[in-house]
Amino acid sequence: MYLEVKGLKKKYGNGSNIVSVLKGISFSVEKGQMCVIQGTSGSGKSTLLNCIGGLETTDEGSIKVSGKEISGLSMSDFSDYRRDNLGFIFQFYNLVPNLTVKENIKVCEFLAQSPLDIDELLKTLGLTEHQDKFPSQLSGGQQQRCAIARALVKNPRLLLCDEPTGALDSETSRDILILLEEINKKYGTTMLIVTHNNSIKEMVHKVIFVKDGLVKNQYENKKRIPAKELEDL
Amino acid sequence: MKKVLNKRILRDLKNNFARYAALFLLIVLGMYIVTSMVASSENVIRGTIEKNELNCVEDGEFSVFVPLTNEQLDSIRANDVDIEEIFNFDYSENGQVIRVMKVRDSINLIELNEGNLPHYDNELVLEQRYASENNIKIGDDIFISGKKFKVSGTGCVPDYDMPIRKISDTSVESSDFGIAFVTGTMYDTFITESNCKAQEYIYAYRLKGEFSADNLKKFIKDMEFDYHDVEDKYFQDYISNTLGKKDDLTNGIKELVDGSEKLSDGLSEITSHNDDIRKGADDIFEIFLLQANEAVSFMGINLTVDNYASELEKCVAVTQNSELSELKNTLDKLKEFSDKTEEYTDRVSEVYDGSDEIESGMKELQEKTEEISEKYFDGQIDNLMMFLKAEDNPRINAASNERMVNRNMGLLAGVVVMILFMYVISVFVVHQIQSESSVIGTLYALGVKKKDLIFHYLRLPTLIAFLGGITGGIIGFSKFAIDSQMSQVYSYYSVPEYENVYPVYLLVYCIVMPSVIAMIVNYIVINQKLSKTALSLIRNEQKESKISNVNLKKFSFIRSFQIRQILREIRIVFTIVFGMFIALLIFMIGI
Ligand SMILES: Nc1ncnc2c1ncn2[C@@H]1O[C@H](COP(=O)(O)OP(=O)(O)OP(=O)(O)O)[C@@H](O)[C@H]1O
Ligand SMILES: [Mg+2]
């Protein structure tokens, strides 16, 4: 088991206006699996992802990443944990505005001891011809690809994606998904993808439904549909 | 990552060129002013020390009522003290005063600005500031007391660094006051011919051995001196105003003492008769009491002082004798007289005791007054009129002292102004950080740490400060900058031309100070902004600012958004303008 979450609880606020967001979430993901997390808005998907990503502290329960307990780490240990293990992709690309595509990727190169080859990565992501452009000169999909490249350059074992296609049209979304699939195959990256898109669950190994801070349903796909062939994106 | 981010710095610089260029220029301007001010001050300070050495500046000077004799001068010299007459007199004409002196031999030597020392008796060297204010050139003729002189040179002397006429003057008026140095023979001629009474007998000294200024002062005071030798009218006034007053006081008190003595003597005499007076009164009463006893003996009563009144009253009641009643009245009167006499003599004794006390009090007063007058009216008058150490002399090292203040102020103002400039820059940087907040948060999420970024954000301010400091320093050290600062000194003080110096500390100051301050100020400000969690940065959480509290509900969303944006910009502009204002203010005060 690469990722193991057990009885995870998280509250926000204090005093009378405490909101219990995660109320005991348990699930696990195997190494190299792509996993989709679905649920209604406000159900706690992002919170869950942030807890796993060490951006948010947890109240109770355990999170084990490749056998190592990460809940309860200090802020600076979290930072080291993220640097050594994680890639993050958000709905908004958050690229450094006055650096080119290639430079944006390079910013994170130093974080890994053995980073991926940038040129190869650019080629994989179809960014070679755009490598010297600034984010403002790119389309949304291109920017998201750049953000993915930046998250991948340090070759993370776990890639956390919070609505990666949330701001993209269906064709561009498909491109991104094809890309993620390809990366998963090529580098064996474990992926957690939070999404509202109902079709994406068809292409991944595992699907988890979250409702009111609890895992309502989870299953593994027996038969995956390649991203290329997804409908209704 | 560092290298990649450095590319960003250049692009940043390009995008905000005007803003950073303006700040750069301000730093250059600030550092230019500070450097030129400090460097020129250092020229004056170090130059003064050097020239003082070269021109044998005095350690002090003193003036006397009666010129010292050769023996006295020799006795001073015997204590390892150099001494030179710098006698002078003032010649005034049309409101201008020229102080005439001889050319100096060994102390306070003339530093020629142009020309030569007077070779002939009809030549003189003119103090340079006076010459320049009055447009007098070498070779020009000037008249002093009817004599015609040719100006053979212009220059200055270290004891008139600040050429003020009176020691108490606070500002230099070189157009109205100057010094002329003539040959020794010419000076003597002036004195004999013009019978000049206003000559000042001033001596300059230099201590070469153990003998201190205080030793010297005491030495001169102890010299034999007869004040009747002094012809000076003012001096005589002074004598009558000091010693004369002392005598008045002692005489007055002596009279008081004498008077009180007399008073006490008289009273003592009066008191000595007290017993007689009392006895007389008692005797009279006794005699009458005897008579009364005889008169009432037939009744077998013995009258005494104590019982006569009651006994007689009883008798009168019995006999109804009017004589007896009269006798009693007489005895009463006499008794009263005797009592009153006693009271009187007692009082007289008391008065006498009091007068005794007065007398001894007066004697005490006299003793104490003598003590005091001895202390304050230094018994004997001495020859010393004025004694002034060089460090207390406002004319000596005046330029250097003033520039020392300027230098310190300048160095301090430089730091303060740099802090303000850097604060302004940090406002830019913070603005940038806020606009990039979600990018920074994402980088944090990927494992980038605060320290990786903080130095990145420090780089541009530090670079600008560093370049600004060096550029400002170079301009500040330039001939133009130094000359314009030095001309302020040369146009006020009467000082020799100083060489330019390049103090190492100032070079270090220019190179290091701005960047260090840039780092410190920006670190403090930026560190705080970057010390947020990745999530709060991604969400771009900001502290509830006043701007979002401004009520803009009556405007449309777009309009109110624009207004908020403008308000935010105004805040930055205000910070900058205020910072500049303070910076300029400090410079104004500093200069
Ligand atoms: N920092 C916070 N402080 C207080 N409450 C929070 C905070 N972050 C999230 N919440 C609350 O936690 C709940 C879950 O939020 P979360 O962002 O995890 O939802 P989500 O499932 O990602 O929703 P969406 O699909 O809309 O992104 C929400 O009700 C939200 O209001
Ligand atoms: Mg969410």
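What counts, and at which threshold
Residues numbered from 1 in each chain as written. Chains lettered and ligands numbered in written order. Predicted model: local features only at pLDDT ≥ 70, side-chain atom pairs only at ≥ 80, totals over all residues. Heavy atoms only, no water. Helix = DSSP H or I, 4+ residues; strand = E, 2+ residues; numbered from the N terminus. Expected span 1.5 Å × (residues − 1). Bend = angle between axes of the 7 residues up to and from the residue. Domains from an automatic or database assignment. Buried area = accessible area lost by both parts, 1.4 Å probe. Salt bridge = Lys/Arg side-chain N within 4 Å of Asp/Glu carboxyl O. Polar contact = N/O pair within 3.5 Å; in protein donor to acceptor, adjacent residues only side chain to side chain. Nonpolar A, V, L, I, M, F, W, Y, C, P; charged D, E, K, R; others polar. Contact = heavy atoms within 4.5 Å. Buried < 20%, exposed > 50% of the residue type's maximum accessible area, 1.4 Å probe, protein only. Lys, Arg positive; Asp, Glu negative; His and termini not counted. Core = buried A, V, L, I, M, F, W, Y, C linked by side-chain atoms within 4.5 Å. Near = heavy atom within 4 Å. Areas by Shrake-Rupley, 256 points an atom, 1.4 Å probe, with all protein chains shown as cover. Pairing = 2+ DSSP bridges. Axes fitted to C-alpha atoms, helices over the stretch in contact; angles between N-to-C directions. 1 Å grid on protein atoms, 1.4 Å probe; cavity = no way out; pocket = protein on both sides within 12 Å on 5 of 7 lines; lining within 4 Å. Points joined across faces, edges and corners; volume = space filled by probe spheres on them.

Helix length check: helix H13 (residues 450-477) of chain B (28 residues) gives 40 Å between terminal C-alpha atoms against 40 Å at 1.5 Å per residue, within 8%. Along H13(B), the sharpest change in direction is near 30° and occurs at B:Arg459; proline B:Pro461 comes one to four residues later.

This part is about the domain arrangement of chain B. Residue and element names in this part refer to chain B. What the domain assignment lists for chain B is domain 1 (2-52 + 396-541), domain 2 (60-240), domain 3 (249-376) and domain 4 (544-591). Domain 1 and domain 2 are separated by 50 Å when their C-alpha centres are compared. Buried area between domain 1 and domain 2, summed over both chains or domains, comes out near 1,100 Å², and the portion from carbon and sulfur atoms is 47%. On the domain 1 side of the contact with domain 2, Ile-396, Tyr-492 and Ser-494 bury the most area, a combined 50% of that side's loss. Taken together, the connections running from domain 1 to domain 2 amount to one salt bridge. Here Lys-51 makes a salt bridge to Glu-111, at a shortest N to O gap of 3.1 Å. For the pair domain 1 and domain 2, the number of links is seven residue pairs in polar contact (both at pLDDT 80 or more). At the level of secondary structure, the elements contributing two or more residues to the side of domain 1 that touches domain 2 comprise helix H2 (17-54) and helix H11 (398-435). Class assignment of the residues belonging to the side of domain 1 that touches domain 2 gives a composition of eight nonpolar, four polar and one charged.

Inspection of the secondary structure assignment puts B:Thr442 in helix H12 (residues 437-445). A distance of 2.8 Å separates the side chain of B:Thr442 from the backbone oxygen of B:Ser438, its partner in a polar contact. The contact partners of B:Thr442, leaving out residues within four places of it in the chain, are A:Phe90, A:Asn94, A:Arg150 and B:Ile538.

To continue, consider the side chain of A:Glu56. Along the chain, the position of A:Glu56 falls in the loop between helix H1 (45-52) and strand S4 (60-65). Of the side chains bearing the opposite charge, B:Arg539 lies closest to the buried A:Glu56, which forms no salt bridge; the N-O distance is 4.1 Å. Among the polar contacts made by the side chain of A:Glu56, one reaches the side chain of A:Tyr12 at a distance of 2.6 Å. In this structure A:Glu56 touches A:Lys10, A:Tyr12, A:Asn50, A:Cys51, A:Phe78, B:Leu535 and B:Arg539, once residues within four positions along its chain are discounted.

So, on to the interface of chain B and chain A. Taken together, the contact pairs 23 residues of chain B with 29 residues of chain A. At the boundary of chain B with chain A, total buried surface from both sides reaches about 2,200 Å², with 64% on carbon and sulfur atoms. Here chain B is connected to chain A by three salt bridges. In this assembly, chain B and chain A are joined by eleven residue pairs in polar contact (both at pLDDT 80 or more). Listing elements by their share of the side of chain B that touches chain A, those giving two or more residues are helix H1 (2-15), H12 and helix H16 (534-538) of chain B. Partitioning the side of chain B that touches chain A into residue classes produces twelve nonpolar, three polar and eight charged.

What follows is about the nonpolar core. Core analysis: the largest hydrophobic core is formed by 134 residues, its most contacted members being A:Leu3, A:Phe27 and A:Leu192. For this core, the element with the most residues is H11(B), which contributes twelve residues. Here this core spans two domains, and each of domain 1 (2-52 + 396-541) and domain 2 (60-240) of chain B adds at least three residues to it. If we skip the residues at most four places from it in the chain, A:Leu192 touches A:Leu3, A:Phe27, A:Val29, A:Cys35, A:Ile37, A:Leu49, A:Ile52, A:Leu159, A:Leu160 and A:Cys161.

Before going further, it helps to examine the site of ligand 1. Around ligand 1, the structure places 13 residues, and the nearest of them are A:Ser41, A:Gly42, A:Lys45, A:Ser46 and A:Thr47. In this structure ligand 1 sits where residues from chains A and B come together. A distance of 3.0 Å is found between an oxygen atom of ligand 1 and a backbone nitrogen or oxygen belonging to A:Gly44. Coverage of ligand 1 by the protein chains reaches 62% of its 630 Å² of free accessible surface. No other element matches H1(A), which puts three residues into the shell around ligand 1. Looking at side-chain class alone, the shell around ligand 1 contains two nonpolar, eight polar and three charged residues.

Our next topic: the sheet that holds strand S3 (residues 34-39) of chain A. Residue and element names in this part refer to chain A. Overall, mixed pairing links the six strands, which are arranged S6-S7-S8-S3-S9-S10 in an open sheet. Only two strands of the sheet have a single neighbouring strand rather than two, namely strand S6 (86-89) and strand S10 (214-220). Between one strand axis and the next, the sheet turns through 15° on average, direction left out of account. Pairing of S6 with strand S7 (residues 158-162) involves four bridges; the strand directions are parallel. Within S7, the position partnered with Ile-89 by the bridge is Cys-161. In this fold H1 packs onto S3, S6, S7 and strand S8 (190-194), with an angle of close to 155° to the strand it touches most, S7. Docked against the sheet, helix H5 (residues 140-152) engages S6 and S7, running at close to 165° with respect to S6.

All right, on to empty space enclosed by the protein then. Residues and elements named next belong to chain B. A full pass over the atoms with the stated rule returns five cavities of 30 Å³ or more. The calculated volume of the largest cavity comes to roughly 100 Å³. Contributing to the lining of the largest cavity are Thr-48, Lys-51, Asn-52, Asn-55, Cys-156, Val-157, Pro-158, Asp-161, Ser-494, Val-495, Pro-496 and Tyr-498. In terms of residue count, the dominant contributor to the lining of the largest cavity is H2 (three residues). Looking at the lining of the largest cavity, its residues break down into six nonpolar, four polar and two charged.

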